[in-house]
Amino acid sequence: MASGAVIEVASGATNHARPNMYASLNPKRTVNGRQVIRVIGDGLWPSCSRSIRKIFEHRVDASGSRWTEVTVETKKIYFEEFRKRYYWDEVMEELVKIAWDKIANA
């Protein structure tokens, strides 16, 4: 595992009937100035939707505004901009990309 990698296990409980699986996750945590995100289910936590939209708005692709019209090169640029703002454990890279793509395509 790379130095600085983040591995956290959600733990804790608010009561015995319903565990609070997010109790130990700090949504404001940063690593090297980048906000730490995690894949929860098929999405990202904390939510990154607004940030992703702002990245798209900052650099509009001439091919179109629909995700299916955006060039592969522009999608790569969008993801690299996203990477500059957020941090995740490298073992989660593919899951982050899948979740990011789902949000971007929404």
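In what follows, the structure referred to is the one given above.
The structure displayed is predicted, hence computed values, not measured ones.

**Here's the deal with the side chain of Thr74**
- As for its placement among the helices and strands, Thr74 is situated in helix α2 (residues 72-85).
- A relative accessible area of 6% means that Thr74 is categorised as buried.
- Excluding anything up to four places from it in sequence, Thr74 contacts Arg59 and Asp61.

**Some words on the sheet that holds strand β1 (residues 30-31)**
- Taken together, the three strands give an open sheet; going across it, the order is β1-β2-β5, and neighbouring strands pair in mixed fashion. The open sheet has two edge strands, β1 and β5 (86-87), and neither has a second partner.
- Pairing of strand β2 (residues 34-36) with β5, which is carried by two bridges, proceeds in the parallel orientation. Counted as the bridge partner of Gln35 is Tyr86 from β5.

**Considerations on helix α1 (residues 49-58)**
- Within α1, burial applies to Ser51, Ile52, Ile55 and Phe56. An end-on view of α1 places all buried positions within 140° of arc, on one side of the element. Among the exposed residues of α1, those oriented more than 90 degrees off its buried face are Arg50 and His58.
- Turning to α1, the residues buried within the fold contact α2, β5 and α3 (93-104).

**Quick word on unusual backbone geometry**
- Looking along the chain, the bond that leaves Trp45 and enters Pro46 is cis, with omega of -10°.
- Inspection of the secondary structure puts Pro46 in the loop between β4 (43-45) and α1.
- Backbone geometry at Asn32 places phi at a positive 55°, although glycine is not the residue there.
- One can find Asn32 in the loop between β1 and β2.
- Judged by its relative accessible area of 72%, Asn32 is exposed.

**Some thoughts on the pattern of salt bridges**
- Enumeration according to the criterion identifies six salt bridges in this entry.
- Where Glu57 meets Arg53, a salt bridge forms, and the shortest distance between an N and an O atom there is 3.2 Å. Of the two residues, Glu57 and Arg53 are both situated in helix α1; the distance of four residues between them amounts to about one turn of the helix.
- With a relative accessible area of 42%, Arg53 lands in the partly exposed category.
- A salt bridge links Glu80 to Arg83, with the nearest nitrogen and oxygen atoms 3.3 Å apart. With Glu80 and Arg83 both in helix α2 and three residues apart, this pair spans about one turn of that helix.
- Here Glu80 falls in the partly exposed class, since its relative accessible area comes to 38%.

What counts and how
Residue numbers here run from 1 along each chain, matching the order of that chain's written sequence. Reporting of local features is limited, given that this is a predicted model, to residues whose pLDDT is at least 70; pairs of side-chain atoms are given and counted only at 80 or more, and all residues count toward the totals for whole chains, interfaces and linings. Here the side-chain values reflect all heavy atoms present in the structure, with hydrogen atoms and water set aside. Labels follow the DSSP assignment, with helices taken as runs of H or I lasting at least four residues and strands as runs of E lasting at least two, numbered in each case from the N terminus. Note on classification: 1.4 Å probe, protein chains only; a residue is buried when its accessible area is under 20% of the maximum for its type, exposed when over 50%, partly exposed between these limits. Whether two residues are in contact is decided by their heavy atoms: any pair within 4.5 Å suffices. Paired strands, as defined in this entry, are two strands with at least two bridges between them according to DSSP. Our arc is simply the arc of the directions from the helix axis toward the C-beta atoms. Salt bridges, as used here, are contacts in which a Lys or Arg side-chain nitrogen is within 4 Å of a carboxyl oxygen on Asp or Glu.

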